[in-house]
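The chain contents come next:
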Amino acid sequence: MQNSNKRTFEIINSKTKIYLVIIAILLVVICCYQVTLIIPAIMFYGLICFYALWTSNKRKAEISEHIQELTINVDSAAKNTLINSPFPLIILETDGSIIYKSSKFVSEFENIDIDSVLNELMQEIRIEIEEKIANNDTNRTKDRNIVKEQFIDDKNYKILGEYVKSKTNERKKQAEYMVLLYFIDNTDYVKAVKKYNDAQTCIGIITIDNYEEMMQRIQTEDRPEVIAKVEKFIYDWAIESKGVVIKSDRNTFVYVFEQRYLEKIKENKFQILDQIKEIKLEDGLQITLSISISNQGATEYEKYKSALSGMDIVLGRGGDQAVIRENEKYLFFGGRTQEVEKRTKVKARTVAHALEELMLASKDIIIMGHTNADIDSIGSSLGVYRIAKSLGKEANIVNEVAGSTISTFMEFAKKEEEENTFIDKSEALSKISNETLLIIVDTHKRSYVEVPELLERTNKIVIIDHHRRSTDYIDDATLTFQEVYASSAAELVTELLQYVEIPISLKQIEIEGLYGGIMVDTKNFTFKTGVRTFEAAAYLRKCGVDIIKVKKWFQSDLEGYNTISNVVKKAEIIRDTIAISIYEEEGKDANLICAKAADELLTISNITASFVIGTIGNKVCISGRSIGDINVQVILEKLGGGGHITLAGAQVEGKTKQEVKQELIKKIDEYFSELAN
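None of these values were measured; they are calculated from a predicted model.

> In this structure, what is going on with unusual backbone geometry? I would like to understand it.
Trans is the prevailing form of peptide bonds, just as negative phi is the prevailing case for residues other than glycine. For Lys-269, which is not glycine, the phi torsion reads 55° and is therefore positive. Along the chain, Lys-269 falls in the loop between helix H8 (262–268) and helix H9 (272–275). Even without glycine at this site, Arg-575 takes up a positive phi of about 50°. With respect to the helices and strands, Arg-575 occurs in the loop between strand E18 (572–574) and strand E19 (578–586). Residue Arg-575 is classed as partly exposed on the basis of its relative accessible area of 42%.

So, in structure tokens, the structure goes:
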């Protein structure tokens, strides 16, 4: 305002000078024509100048008085605002020295130890100011703003303020700042928001995992009683959260409840998963449930669709567990028991026929496994490749890098198979189109496939996998054959070979690849084998597999055996039965050495689980193995990994092997703590 008035005065003053110049010029012209008027003209011009000076000084005095009055009023208003602020207000320096407290601030916090609160608050603000200074973010007014949330004496306060430079500390050669803070009581608003959020709907889906098999194996007259018991458990559990359960199918229920009860459900860790197993059935059959709950979505329908997606993940992980989808994350519970093998082969037949139709409708076929391919990935790829070639389709297997254990096998496979059976990344990217059928084997994770870019080049994707489903799964597949009870992807592909309608004539190298995939993943038919595993092996035996030759493919050399022995020798035993060891050397085969060492540790008496840590590039890898008493998959999931109850792995970035070891021990302790609760 003062600057505006000053400019106005200067404009008026400049106009007066112009008028005086014009009058002077006119008087000079008149005096040139009439010399006798010179003296009167001078006197007249003098009077005009005197009048102009007098009026100018008077106007300047009036403007100055007005500005002074206005400034006093503004200062008074600012002072009154500070003194009579309706909000608690405090002015202090960044070292904690208090300059001013409003009367409202004193009365608001008179019975509270506010000094400790202010000390903690100023520590945070000091750090924030230092960061902004370091980033040169203090030039604009908005960059000097302070916004905080603070819980004080059962009240929630929103703290708003601003800091300004007060002085420079000559001794420390740095600026000191003064901070003005308003404390706004936000308690009612926070309570209203919480009340609103608590009243939001959560939608869950509950599925009886093995319903069909249960109906087949129990007596007809006993079925109503068993179903009634299962439903009673489900309804009683839902009543605890005042929820509503609606039976939508023979084995599926929709569960609706308010979000206020979600934390209690988390705390109880879905005890219904264990309670339902108390129902005793003949033949040792155990009833299990899968539960998916979601609060993600603007509408109830979106939440239901989100819960369905969660159920896909739960079933893909073997069932007998629960998942909550919240804040774009998945939280898993349960899943500590061994997967139950499904004896019915209806799904295998259905998938085999659907796969044939998809192959026939496609221009060409590309088959892809996971990175650093193993014999299960290559063997199952060869089996699918033979189905495609038997249908007369053009097919290729993408393989960039294979593990050293199958390097010899790969050399023979490339000689025995048709030319260009195996292609690299660049060839695959040049061949693929929207008419290409992309078949993924032995993995379902987007980040783990051989060439992730291929997933974006076609809408026709098939997945054949035996691993428990992770959250990074390929969610837009046309056909998915993911059975976690299976020993290997090779077992699943062998089943498909038996049910396709066209006759299949496998080459010897393909038979050996499929058998090798089953043999290696089951550790010579010791782990994770079921009736269908041996049936698949029997089929391959009929096809003419040479078992001795397959074993020779995967024999270790003496140097490799000695390396593994050294890793086993260095193992540390925790919790009496868990072995942890570190493979100190680095190399591309580190994950293979770790896996073999973990297998070898399980051959030692009283060892129920083993973990071996190594380094691949800039990542630390962990191989976990178990005889079934301990779920290594649940443990390694906490470190971003996954797998099965008896076999799992993980990769960690940004940490040393020793740091990963300590983190692993913490996760093992958490696992046992959760079991105890």
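That covers the picture; the talk isn't over yet.
> Explanation requested: the environment of His-467 in the structure shown.
Looking at where His-467 falls in the secondary structure, it is placed in the loop between strand E16 (461–465) and strand E17 (479–482). Sequence spacing of His-467 and His-644 is 177 residues, and the spatial spacing of their C-alpha atoms is 6.6 Å. Here the side chain of His-467 touches Asp-465 through a polar contact of 2.8 Å, side chain to side chain.

> How should I be thinking about the side chain of Gln-482 in this particular structure?
Note that Gln-482 resides in strand E17. Engagement of the side chain of Gln-482 in a polar contact is seen with the side chain of His-444, the distance being 3.4 Å. For Gln-482, the side chain forms a polar contact with the main-chain oxygen of His-467, separated by 2.8 Å.

> Help me understand the pairing of strand E6 (residues 201–208), please; the structure alone is not making it clear to me.
With respect to burial, E6 is a largely interior element, eight of its eight residues being buried. A two-sided burial pattern is seen for E6, the buried positions comprising Thr-201, Ile-203, Ile-205 and Thr-207 on one face and Cys-202, Gly-204, Ile-206 and Ile-208 on the other. When E6 meets strand E8 (residues 252–258), the two strands line up antiparallel, connected through seven bridges. Across the sheet, Thr-201 pairs through a bridge with Glu-258, a residue of E8. Direction of pairing for E6 relative to strand E9 (residues 289–294): antiparallel, over a ladder of six bridges. The partner of Ile-203 across the bridge, within E9, is Ser-294.

> Sorry if this is basic, but what is going on with the packing of aromatic side chains here?
By the definition in use, this model includes 13 aromatic pairs. Plain terms: the ring middles of Phe-105 and Phe-183 are 5.5 Å apart, the flat faces sit at 70° to each other, and that makes the pair edge-to-face. Here Phe-105, found in helix H3 (residues 103–108), pairs with Phe-183, found in strand E5 (residues 174–185); they are 78 residues apart in sequence, far enough to count as distant. Its relative accessible area of 1% is what places Phe-105 among the buried residues.

> How do you make sense of the packing of helix H15 (residues 489–499) against helix H16 (residues 508–521) when you look at a structure like this?
When two helices pack together, their arrangement is captured by the angle between the axes and the distance separating the axes. Remark: H15 packs on H16, axes separated minimally by 8 Å, with the N-to-C direction vectors making an angle of 140°. With respect to H16, the axis of H15 lies oblique. Listed contacts from H16 to Ala-490, Glu-491, Val-493, Thr-494 and Leu-497 of H15 are Leu-514, Gly-517 and Ile-518.

> Before we go on, may I ask you to explain helix H4 (residues 114–134) in this structure?
With 21 residues, H4 extends 30 Å between its outermost C-alpha atoms, agreeing within 8% with the 30 Å of an ideal straight helix rising 1.5 Å per residue. Buried within H4 we find Ile-114, Val-117, Leu-118, Leu-121, Met-122, Ile-125, Glu-128, Ile-129 and Lys-132. Seen along its axis, H4 keeps its buried residues to an arc of 130°; they face one direction. Every exposed residue of H4 that faces more than 90 degrees away from the buried side is listed here: Glu-130 and Ala-134.

> Before we go on, may I ask you to explain the pattern of salt bridges in this structure?
What the rule picks out here adds up to 31 salt bridges. Notably, a salt bridge pairs Arg-386 with Glu-417, separated by 3.2 Å at the nearest N-O pair. Placement of the pair is Arg-386 in helix H12 (residues 375–390) and Glu-417 in the loop between helix H13 (407–416) and strand E14 (422–423), with a sequence separation of 31 residues. The residues Arg-386 and Glu-417 share a single accessibility class, namely buried. Residue Glu-572 pairs with Lys-661 through a salt bridge whose shortest N-O separation is 2.5 Å. On the criterion of sequence distance, the pair formed by Glu-572 in strand E18 and Lys-661 in helix H22 (residues 657–676) is long-range, its members being 89 residues apart. When its relative accessible area of 32% is taken as the criterion, Glu-572 is described as partly exposed. You can call Lys-661 buried: its relative accessible area is 12%. Members of the salt-bridge network, linked through shared partners, are Arg-386, Glu-417, Glu-418, Lys-507 and Glu-510.

> Sorry if this is basic, but what is going on with the packing of H15 against helix H17 (residues 531–542) here?
The contact between H15 and H17 brings their axes to 9 Å, and the two run at 60°. Considering their axes alone, H15 and H17 lie oblique with respect to each other. Once H15 is placed against H17, the crossing between them reads as left-handed. Contact with H15, carried on its side by Glu-491, Thr-494, Glu-495, Leu-497 and Gln-498, involves Arg-532, Thr-533, Ala-536, Tyr-539 and Leu-540 of H17 and no other residues of that element. The class makeup of the residues in the contact of H15 with H17 is four nonpolar, three polar and three charged.

> Sorry if this is basic, but what is going on with a nonpolar patch on the surface here?
On the surface, a cluster of nonpolar side chains totalling about 530 Å² of accessible area is made up of Val-35, Ile-38, Ile-39, Ile-42 and Met-43. Mapped onto the elements of the fold, Ile-38 is located in helix H2 (residues 38–83).

> It is not clear to me how the nonpolar core should be interpreted in this structure. Could you clarify?
Generally speaking, nonpolar side chains in soluble globular proteins are found buried as a group. Among the nonpolar cores identified, the biggest contains 57 residues, and Met-359, Phe-409, Ile-439 and Ile-464 are the most heavily contacted of them. Broken down by element, this core gets its largest block of residues, seven residues, from H12. Core analysis: the second largest hydrophobic core is formed by 34 residues, Tyr-211, Val-245, Ile-291 and Phe-333 among them.

Conventions used here
Residues numbered from 1 in each chain as written. Predicted model: local features only at pLDDT ≥ 70, side-chain atom pairs only at ≥ 80, totals over all residues. Heavy atoms only, no water. Helix = DSSP H or I, 4+ residues; strand = E, 2+ residues; numbered from the N terminus. Buried < 20%, exposed > 50% of the residue type's maximum accessible area, 1.4 Å probe, protein only. Polar contact = N/O pair within 3.5 Å; in protein donor to acceptor, adjacent residues only side chain to side chain. Pairing = 2+ DSSP bridges. Phe/Tyr/Trp six-rings, centres within 6.5 Å; stacked < 30°, edge-to-face > 60°. Axes fitted to C-alpha atoms, helices over the stretch in contact; angles between N-to-C directions. Parallel < 35°, antiparallel > 145°, perpendicular 65-115°, else oblique. Contact = heavy atoms within 4.5 Å. Expected span 1.5 Å × (residues − 1). Arc of directions from axis to C-beta. Salt bridge = Lys/Arg side-chain N within 4 Å of Asp/Glu carboxyl O. Left-handed = near helix turned anticlockwise from the far one by under 90°. Nonpolar A, V, L, I, M, F, W, Y, C, P; charged D, E, K, R; others polar. Patch = residues over 30% accessible without salt bridge, like charges linked within 9 Å, V, L, I, M, F, W, Y side chains within 5 Å. Areas by Shrake-Rupley, 256 points an atom, 1.4 Å probe, with all protein chains shown as cover. Core = buried A, V, L, I, M, F, W, Y, C linked by side-chain atoms within 4.5 Å.

Purely spatial values, then, with no claim about function.
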